[in-house]
Amino acid sequence: MSSSQDLSFHQLLPLTIFQQLGQLLQQMAQELGNEALIVTEEALVSIPTRPEATDLFTLVVSQQFSALLVAERRQETGDRRQQEELTLKESIILNSVNSELGTEAYVTLQERNSELLNVKLTFEPAAIAQFLQHLNGCLEDNSLARATLARYSQVIQPNNATLQGKFTLMLLSVLAPSSHQNDAQESIYPFVSVCQPVEEALHQQIAHERLLNQVTTQIRQSLELPIIISNVVERVREFLQVDRLVVYQFEQQESAIGEQLPVIREQGIFNCEFRQPKAKRSVIPNSEFSTHGCVIYEARASASIDSVLNYREENCFIPASGCWEKYRQGFTLAIADVDKAYVLSSCLLAFLQKIQVRAKLIAPIVFQQQLWGLLIAHQCYEPRSWQENEKNLLRRIAEQLAIAIYQEELMRSLKLEKQTLEQRVIERTQALHDALLAAQAASRAKSEFLATMSHELRTPLTSVIGMSSTLLRWPSGEMSQRQRQFLQTIHDSGEHLLALINDILELTQFESGKAVLNLSEFALAQLAEASLRSLSDRATRQAVNIMLDLKISPDYRLFADPQRVSQILWNLLSNAIKFTPEGGEAILRIWSENDFAVIQVEDTGIGIAEEHLPLIFEKFQQLDSPYQRHYDGTGLGLALTKQLVELHQGRIEVESTLGKGSIFTVWLPNNREQ
């Protein structure tokens with residue numbers, strides 16, 4: 001019996017050598033048949049494990065032959081070592097294709113070939129049993145897998161000499177691939193030998209880059225996600241020459257911005273409806289995606305291959321954070337033979353056998369740091385050893401699909417925001433329309449109320465004013481002086497209240513659009529003189545000097561409503577007298593300017609502050625403080641004046657300085673046609 005200790009070693013080896021050693025152990029397991037257990041790190045993907053599980057390993061356990069191959073990643077960099085690993089022949093080939101491939105692919109190939117691993121190969125039963133115990137401890141709640149490992153740990157024995165010798169020859173064929181190589185160090189770098197031509201690898205890399213460029217161009221040209229997926233997946237299937245290529249999408253979940261991830265729907269292609277399973281769904285701790293989903297698209301090499309479109313599996317997908325978190329972080333899974341890789345997961349193995357999967361390659365589609373779905377390549381009838389360039393290609397295709405999904409999500413968000421904005425505009429417009437109707441109804445009700453009340457109040461006030469005037473004309477001997485003062489107060493208050501009611505009624509007519517003008521020609525100078533005479537008594541009582549400055553001829557005639565113009569003059573002059581202190585003056589100027597008659601009233605009164613000027617023509621506005629109010633009135637005079645001027649299609653302006661006085665100027669058009 002050969003000593004297993006003699007062939008055990010622990011040294012740095014390239015990744016390609018480690019992969020070839022793993023393939024040798026798998027060949028030995030196939031020769032041993034069903035009695036052998038073969039486990040790789042791929043078997044741990046489908047079952048819950050703790051973080052301390054080994055990354056890369058191949059384990060074969062049986063009564064006649066057992067071996068353990070373990071590797072830890074160790075990346076060495078440096079231009080000097082990379083140049084030593086390239087032969088002259090490779091340099092020539094690389095230079096010849098550099099213009100088509102590009103510098104990026106050149107560096108990528110060198111980096112992949114230069115990756116070194118700390119590799120340990122042992123046949124010691126104690127070391128293998130210890131590793132099985134460690135592996136069993138890494139499993140969490142899978143009782144079937146732990147029982148399987150415990151059972152095989154009892155059958156480990158020293159290896160059969162014949163089988164050990166056979167494996168030794170196979171091992172030497174890998175570690176010493178050609179007899180003409182004299183340097184032992186060169187035997188661990190088969191990627192520079194004729195067994196693996198660099199030229200073929202570079203041509204494959206060029207083809208991969210072309211395919212990726214085509215996919216990228218299509219994504220840029222089209223925003224229809226179903227079309228992109230259907231075209232891209234069909235091309236990738238043909239390029240990889242796999243039996244079936246599918247897109248598996250998980251149930252839509254809440255995204256990072258509080259919205260659902262996009263779900264593909266197209267009649268006749270994507271008919272998979274997500275539903276809640278009958279059993280209570282398990283929730284992944286600290287995870288935002290669901291393990292449930294279905295196949296939304298597939299591309300098959302021939303019709304003889306069973307279709308899995310719209311197929312779902314809800315029983316064997318264990319919501320283990322270690323498994324699905326790897327996919328979310330970009331892990332690419334390559335299974336050469338599911339019969340060996342899933343020996344510890346009988347449920348998942350039965351599922352894969354049911355849908356005719358012998359080998360598979362899985363790349364995650366990660367959208368906004370969430371697992372949107374999986375891009376899965378199936379080899380249906382025989383095992384397949386997946387190459388690194390094939391893994392890289394599928395991973396990069398999945399990344400491009402994630403970009404297309406992101407574009408679709410942006411378009412969906414923009415459409416949703418547009419629809420939301422349009423709906424808000426419609427709702428806001430309707431609200432404004434309803435508010436306008438309500439305001440118009442309230443305004444009509446107010447106008448009708450004021451008109452009714454004003455009419456009802458004017459009748460008794462007329463009687464009060466008339467009777468008080470009659471009593472005031474009685475001889476002085478028939479009533480005392482105090483009684484006469486009371487009657488005068490009643491008369492003045494009645495007139496003031498009647499003027500207020502008339503102003504309100506007038507304002508109501510303006511707001512309801514019922515105010516009309518009785519236009520005619522009249523002498524403006526005569527109207528101005530009459531207005532001054534009507535206010536002379538008030539000016540005398542307040543010791544205000546009023547003057548008339550006419551710059552028009554006495555025959556100047558204005559085409560307007562004489563009653564309304566008289567009201568304009570009366571309002572402006574009465575305001576000037578009211579707000580001018582004793583000893584002040586108010587001047588009425590009238591002149592013509594082009595086709596306008598200009599009326600100006602200037603006083604030396606209290607003036608108006610600049611910040612109050614925009615408010616003086618507003619209804620019910622009085623600019624003095626309510627706590628220091630010295631002047632009576634309702635604030636309707638200037639508002640009515642402005643309405644009357646605008647009714648004549650004229651304009652009114654004001655200039656004022658606080659403490660010095662104010663100037664009101666009115667332009668009235670004197671044109672029959674206008």
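Quick caveat: nothing in here was measured; it's all calculated off a predicted structure.

Caption draft 1: Quick peek at the sheet that holds strand 7 (residues 293-300). With antiparallel pairing, the five strands of this open sheet are ordered in space as 7-6-10-9-8. Here the strands that pair on one side only, and so sit at the sheet edges, are strand 7 and strand 8 (333-335). Here the average twist between neighbouring strands, direction ignored, is 20°. For strand 8 and strand 9 (residues 359-367), the ladder comprises three bridges, and the chain directions are antiparallel. By the bridge assignment for strand 9, L333 is matched with I362. Sitting on the sheet, helix 10 (residues 225-240) is in contact with strand 6 (244-250), strand 7 and strand 10 (370-379), with an inclination near 55° to strand 7.

Caption draft 2: Quick look at the pairing of strand 3 (residues 56-61). Of all six residues that make up strand 3, six are buried, and the element is covered over most of its length. Burial along strand 3 is two-sided: the face carrying L56, T58 and V60 and the face carrying F57, L59 and V61 are both buried. Sheet analysis places strand 2 (residues 37-40) next to strand 3, joined by four bridges and oriented antiparallel. The residue of strand 3 that forms the bridge with V39 is L59.

Caption draft 3: The pattern of salt bridges, seen in detail. Using the criterion set out here, one finds 14 salt bridges in the structure. Put simply, R358 and D339 hold a salt bridge, and the shortest N to O gap is 3.3 Å. Taken together, the positions of R358 in the loop between helix 13 (346-354) and strand 9 and D339 in helix 12 (residues 338-341) put the pair 19 residues apart, joining distant regions of the chain. Taking the relative accessible area as the measure of exposure, D339 reaches 32% and is therefore partly exposed. Note that R589 and D549 form a salt bridge whose closest N and O atoms lie 3.7 Å from each other. Of the two residues, R589 is situated in strand 14 (residues 585-593) and D549 in strand 12 (residues 545-550); the sequence distance between them amounts to 40 residues. Here D549 falls in the partly exposed class, since its relative accessible area comes to 26%.

Caption draft 4: The arrangement of the sheet that holds strand 16 (residues 651-657) in detail. Taken together, five strands build an open sheet; the order of strands is 12-14-15-17-16 and the sheet is mixed. Among the strands making up the open sheet, the edge pair consists of strand 12 and strand 16. Neighbour-to-neighbour, the strand axes of the sheet open up by a mean angle of 15°, direction not taken into account. Note that strand 14 and strand 15 (residues 596-603) share eight bridges and pair antiparallel. Across the sheet, the residue bridging to R589 is Q600, located in strand 15. Against the sheet, helix 16 (residues 524-534) contacts strand 12, strand 14 and strand 15, and its axis sits at roughly 175° relative to strand 12. Contacts between helix 18 (residues 562-578) and the sheet are confined to strand 12, strand 14, strand 15 and strand 17 (661-669), with strand 15 contributing the most and set at about 20° to the helix.

Caption draft 5: Local environment of a nonpolar patch on the surface. A cluster of nonpolar side chains, contributed by F449, M453 and L457, occupies part of the molecular surface with about 280 Å² of accessible area. Note on placement: F449 falls in helix 14 (residues 388-472).

Caption draft 6: Layout of the packing of aromatic side chains. All told, the structure shown has eight aromatic pairs when counted by the stated rule. With 6.2 Å between their ring centres and 50° between their planes, Y327 and F331 make a pair best called tilted. Here Y327 falls in the buried class, since its relative accessible area comes to 5%. Take F331: its relative accessible area is 30%, and that puts it in the partly exposed class. Taken together, F65, F123 and F167 form an aromatic cluster joined through their ring pairs.

Caption draft 7: Examining unusual backbone geometry more closely. For Q241, which is not a glycine, the phi torsion comes out positive at approximately 55°. Note on placement: Q241 falls in the loop between helix 10 and strand 6. Positive phi, close to 55°, is recorded for N594, a residue that is not glycine. Mapped onto the secondary structure, N594 falls in the loop between strand 14 and strand 15.

Scoring rules and cut-offs
Residues numbered from 1 in each chain as written. Predicted model: local features only at pLDDT ≥ 70, side-chain atom pairs only at ≥ 80, totals over all residues. Heavy atoms only, no water. Pairing = 2+ DSSP bridges. Helix = DSSP H or I, 4+ residues; strand = E, 2+ residues; numbered from the N terminus. Axes fitted to C-alpha atoms, helices over the stretch in contact; angles between N-to-C directions. Contact = heavy atoms within 4.5 Å. Buried < 20%, exposed > 50% of the residue type's maximum accessible area, 1.4 Å probe, protein only. Salt bridge = Lys/Arg side-chain N within 4 Å of Asp/Glu carboxyl O. Patch = residues over 30% accessible without salt bridge, like charges linked within 9 Å, V, L, I, M, F, W, Y side chains within 5 Å. Areas by Shrake-Rupley, 256 points an atom, 1.4 Å probe, with all protein chains shown as cover. Phe/Tyr/Trp six-rings, centres within 6.5 Å; stacked < 30°, edge-to-face > 60°.

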